[in-house]
Amino acid sequence: MPFPPTRAHLDDPDETASETGELLPHAKGTTPPSGGTRLYRGFLAYTIACEVFSVVSLGLFLPVVLEQLARENGRLAPDYAQPCPMSASEPTDGGDAQRCAVRLLGSWLDTASFSLYTYSASVLIQALLVISLGTLADNPFIRHRLLTTFGTVGSLFTISFLLLPPSSPVWWISALLALVANVSFGASMVCLNSYLPELGRRNPIVLAKLQSLEDARETLKTVQASPERRGDDLLVASQELVRAQDEYAAEKAMATSEVSSTGVALGYAAGISLLVLMLVPVTLMHGSTLSLRCAIAGSGLWWGIGTIPASYWLRPDETIVARAPVLTRGIWGSAAEGWKGLGLMLQDWRRLPATFIFLAAWFLLSDAFATMTSTAMLFAKTSLSMSTSALIIISVISPAAGIAGAILFPRLQKTVLLWTNLYVLLFLVALACLIPLSGILALRSQWEMYVVAVVFGALYGSFQSYARTCFSELVPGSQSARWFGLYSITDKSSSFLGPLLVATITTLTSNIRYGFWLILGMLVFALPILARVNMDKGRNDAESYDRELVLSTGVTDVDERDSE
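Residues numbered from 1 in each chain as written. Predicted model: local features only at pLDDT ≥ 70, side-chain atom pairs only at ≥ 80, totals over all residues. Heavy atoms only, no water.

## Here's the deal with the overall build of the protein chain
Inference 1: Broken down by element type, the protein chain carries 22 helices and 3 strands.
Inference 2: Looking at the 564 residues of the protein chain, the share that counts as buried comes to 57%.
Inference 3: Considering only residue pairs separated by 6 or more positions, the protein chain has 82% of its internal contacts joining residues 24 or more positions apart.
Inference 4: Working note: accessible area of the protein chain is about 23000 Å², and carbon and sulfur atoms make up 66% of it. (Helix = DSSP H or I, 4+ residues; strand = E, 2+ residues; numbered from the N terminus. Buried < 20%, exposed > 50% of the residue type's maximum accessible area, 1.4 Å probe, protein only. Contact = heavy atoms within 4.5 Å. Areas by Shrake-Rupley, 256 points an atom, 1.4 Å probe, with all protein chains shown as cover.)

## Overview of the pairing of strand β2 (residues 100–104)
Inference 1: Across 2 bridges, the pairing between strand β1 (residues 75–76) and β2 is antiparallel. Counted as the bridge partner of Arg75 is Ala101 from β2.
Inference 2: Pairing analysis gives 4 bridges linking β2 to strand β3 (residues 107–110), with the strands arranged antiparallel. Residue pairing in the sheet places Ala101 in a bridge with Asp110 of β3.
Inference 3: Connecting the antiparallel pair β2 and β3 is a turn made up of 2 residues, with Leu105 showing a positive phi of about 55°. (Pairing = 2+ DSSP bridges.)

## Quick notes on the environment of Ala181
Inference 1: Within the secondary structure layout, Ala181 lies in helix α6 (residues 173–193).
Inference 2: Taking relative accessible area as the criterion, Ala181 reaches 1% and is therefore assigned buried.
Inference 3: Along the sequence, Ala181 and Leu156 sit 25 residues apart, while their C-alpha atoms lie 8.2 Å from each other.
Inference 4: Not counting chain neighbours up to four residues away, the residues in contact with Ala181 comprise Phe53, Gly154, Phe157, Thr158 and Trp303.

## Points about the side chain of Thr289
Inference 1: Tracing the chain through its elements places Thr289 in helix α10 (residues 289–314).
Inference 2: What makes Thr289 buried here is its relative accessible area of 5%.
Inference 3: Ignoring sequence-local partners within four residues, the contact set of Thr289 consists of Gln68, Leu69, Glu72 and Pro166.

## What about a nonpolar patch on the surface?
Inference 1: Taken together, the side chains of Leu162, Leu163, Val280, Leu284, Met285 and Leu290 present a nonpolar region at the surface, about 580 Å² in accessible area.
Inference 2: Structurally, Leu162 can be placed in the loop between α5 (140–159) and α6.
Inference 3: Take Leu162: its relative accessible area is 37%, and that puts it in the partly exposed class. (Patch = residues over 30% accessible without salt bridge, like charges linked within 9 Å, V, L, I, M, F, W, Y side chains within 5 Å. Salt bridge = Lys/Arg side-chain N within 4 Å of Asp/Glu carboxyl O.)

## Some thoughts on the packing of aromatic side chains
Inference 1: Following the criterion strictly, the structure yields 15 aromatic pairs and no others.
Inference 2: On the numbers, 6.3 Å between centres and 80° between planes, the contact of Phe185 with Trp303 is edge-to-face. Here Phe185, found in helix α6, pairs with Trp303, found in helix α10; they are 118 residues apart in sequence, far enough to count as distant. Accessibility classification places Phe185 together with Trp303 in one group, the buried group.
Inference 3: Judged by centre distance (6.4 Å) and plane angle (35°), the rings of Phe369 and Phe456 are tilted. Pair noted here: Phe369 is in helix α13 (residues 353–382) and Phe456 is in helix α17 (residues 446–472), with a separation of 87 residues, a long-range link. Note on accessibility: Phe369 and Phe456 belong to one class, buried. (Phe/Tyr/Trp six-rings, centres within 6.5 Å; stacked < 30°, edge-to-face > 60°.)

## Details of the sheet that holds β3
Inference 1: Strands sit in the order β1-β2-β3 across an open sheet of 3 strands; the sheet is antiparallel. The sheet terminates laterally at β1 and β3, the two strands that pair on one side only.

## So, the packing of α13 against helix α19 (residues 497–509)
Inference 1: Direction vectors running N to C along α13 and α19 enclose 50°, while the axes themselves pass 8 Å from each other. Relative to α19, α13 is oriented oblique. Taken together, the residues of α19 that come into contact with α13 (itself represented by Phe363, Asp367, Thr371 and Thr375) are Leu497, Gly498, Pro499 and Val502.
Inference 2: The residue makeup of the contact of α13 with α19, split by class, is 4 nonpolar, 3 polar and 1 charged. (Axes fitted to C-alpha atoms, helices over the stretch in contact; angles between N-to-C directions. Parallel < 35°, antiparallel > 145°, perpendicular 65-115°, else oblique. Nonpolar A, V, L, I, M, F, W, Y, C, P; charged D, E, K, R; others polar.)

## Overview of helix α14 (residues 388–417)
Inference 1: The principal kink in α14, of about 30°, is found at Arg411.
Inference 2: In the stretch just after α14, Leu418 is the one whose phi turns positive, near 55°. (Bend = angle between axes of the 7 residues up to and from the residue.)

## Considering the pattern of salt bridges
Inference 1: In the structure shown here, the tally under the stated rule is 8 salt bridges.
Inference 2: Measuring nitrogen to oxygen at the nearest pair gives 2.5 Å for the salt bridge that ties Glu240 to Arg243. Of the two residues, Glu240 and Arg243 both sit in helix α9 (residues 231–284), 3 residues apart, roughly one turn of that helix.
Inference 3: A relative accessible area of 39% means that Arg243 is categorised as partly exposed.
Inference 4: Glu473 is the salt-bridge partner of Arg539, the closest N and O atoms lying 2.4 Å from each other. Of this pair, Arg539 sits in helix α21 (residues 535–553) while Glu473 sits in the loop between α17 and α18 (480–495); the two residues are 66 residues apart in sequence, bridging distant segments of the chain.
Inference 5: Classification of Arg539 by relative accessible area gives buried; the value is 17%.
Inference 6: For Glu473, a relative accessible area of 11% gives the class buried.

## A short note on the state of the cysteines
Inference 1: This structure, assessed with the given rule, holds 1 disulfide.
Inference 2: With its sulfur 1.9 Å from that of its partner, Cys84 forms a disulfide with Cys100. A torsion of 105° about the S-S bond marks the disulfide between Cys84 and Cys100 as right-handed. Of this pair, Cys84 sits in the loop between β1 and β2 while Cys100 is found in strand β2, placing the two residues 16 residues apart along the sequence. With respect to burial, Cys84 and Cys100 carry one shared label: buried. (Disulfide = S-S within 2.5 Å.)

## A few points about the confidence of the model for the protein chain
Inference 1: The predicted model of the protein chain has a mean per-residue pLDDT of 77, with 81% of residues at 70 or higher.
Inference 2: Mean pLDDT across the secondary structure elements of the protein chain bottoms out at helix α1 (residues 7–11), with 31, and peaks at helix α20 (residues 515–531), with 92.
Inference 3: Confidence over residues 1–35 falls short of pLDDT 50; this stretch has 79 contacts with residues more than four positions distant or in other chains.
Inference 4: Confidence drops under pLDDT 50 across residues 554–564; counting only partners more than four residues distant or on other chains, this segment forms 31 contacts. (pLDDT = per-residue confidence, 0-100.)

Quick look at the structure:
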C-alpha cells in the first residue's frame, strides 16, 4: 500500500531535494525522506507501464502472432504441399496429419515451436546482457538512464509490429522485433527491481523500527561499558537487541512485500484494462493478424508513454549525480567488469549460502512459470482450437485473478496464516503443481482452460511478488542492483531452457501436451531446494557481508545508501 503521508510529504515543496540522504538522521526523528514518495511513484508508474507489455504481449499476443505468422506462411504435413488453415477446426491432441510447419533455415519447423524458439533466444540474450550491465546498473545515474533507454527501445520495437504484414517476404523479422522487445523488457526490470530494497527501508514504520534497533544497540553498548553492570542488565539489553532486530527485519520484509504486491496488482489491472479495450477491435476484425498486431502495438504505445513519468520520478537526486563514480573503463570495459563481478559474486557462495540456495530454486521455478505461460497459450490455440477472442478472455481472467491473489495472500499472511514470506512462497509453488497436472490429466475441452486461467493467475501474481521479496531480504543492500542482476541472470539463463525443450518435444512428437511433464518436473524438484533456505541466517549473512563491504571500501552505511 502507499506510504502514509507525513507532514514532510505534505508540506515539503521540493520533493527532489531529499531522495536518498540521511536515512538514519530521519529515523532518529520521525520524518522519512520525501524522495521515498517520489521513488515509490516512479516504481509503480514503470511497473504499470511495462507490465501491460508483459500481460498483453508477452502473455498472449506475441506467442499467438508469431505462431499465426508462421502458420500463414506454412504448409501441412506430411507432404507440405497444402497451405496451413488459419487454425485447427476442432480440438486435437496432435499427430502428424494435423501438423503445420514452416520452412526456416532449410528445415521444417512446427509453427508453435517457432514461437517458443523465439522466446527462448530472447531470454538467453537477456541473460548475457544483464551480466554485462551489472557494474553499470550499480551506478544510480546510469541505472536510471538504462531503465529509460530500455523502456523507450522496447516500446518502439513493440509498436513496429504494426508495420510488418504477414504477406511480407521478410515476415520472419517478427521474431527479431519480439526478441528486442523482450530483451529490453527484461533488462529494464533488472534496473527497476534494484529499487525495491531501498523502498522497503524508506517505509516510515520501518524507519521507526530502525530507530528502535539503533537505540537497542546503543543501550547494549552502554551496559557493556558500564563498570557497575549486572548480569541481569546485560541479559535484558541483549534480549531487547534481538527483539529489535527481529522486528526490524520482519517489518522491512513486510514493507517490501507490500510495495512489490502493489506494483504487481496495479500492473495487472492496467494490463486487463488494455486487454478489454483490445477485445473490441479483435472481435470486430475476427481475430485477424492485423488486429493482433494492433493490440501488440497498443501495449508498446502504453509502455512508451508510461516510461515518461516513471523516468521523471525515478531520476536520481542532483547531489547523487554529482557524486556518482565516473566510468573510467568506458562502456565495453564496464561490461567486462560486469562479467568479472559475476565471477566474484559466485565465489561468495560460502559467505551467502541461503542466497545461493534460493537462486538454485529460482533457476527452476522461474523457468517453470515462464514455460507454463507460453505453453498453455499455444496449447489452447493449437490443441483446443480456442479463438483469439477466447484467448483474450482467458488473458483477462488470469491477471484479474492475479490482482486478487496479490491482495489476498498478503492479507491472509497477516491475519490467518501468520507465515513467513518463504512459507507462503512454498505454499504457492505446491499449489502451482496443479497446473501442469491438469494439462497432463485433463484439459480436453475449452471450458477447463478458463478454470486453469483463474488458478494460474491467482498463484502467479503472488509468486512473483513473494519471490522477489524473499530475495530482497537475502542480498547486501549496498549492492542490490548487482544482486538483482544475478537474480535476473538466474531467471533468464534458465527461462530459455524450458521453451527450448518444449519446442523440441513438440517438434519431435507433434504434441505440445507432453511439455506439461517437463513443467511439473521442474516445480517438484524446486520444492525441496526452496525449503532448505534459512531466511534468518540469510538475512544476518547479508547484513554482515554488507558491513564488511562498507568497511573495506571506507564508505559509511549512510553514504552507501545515499548512492542508491
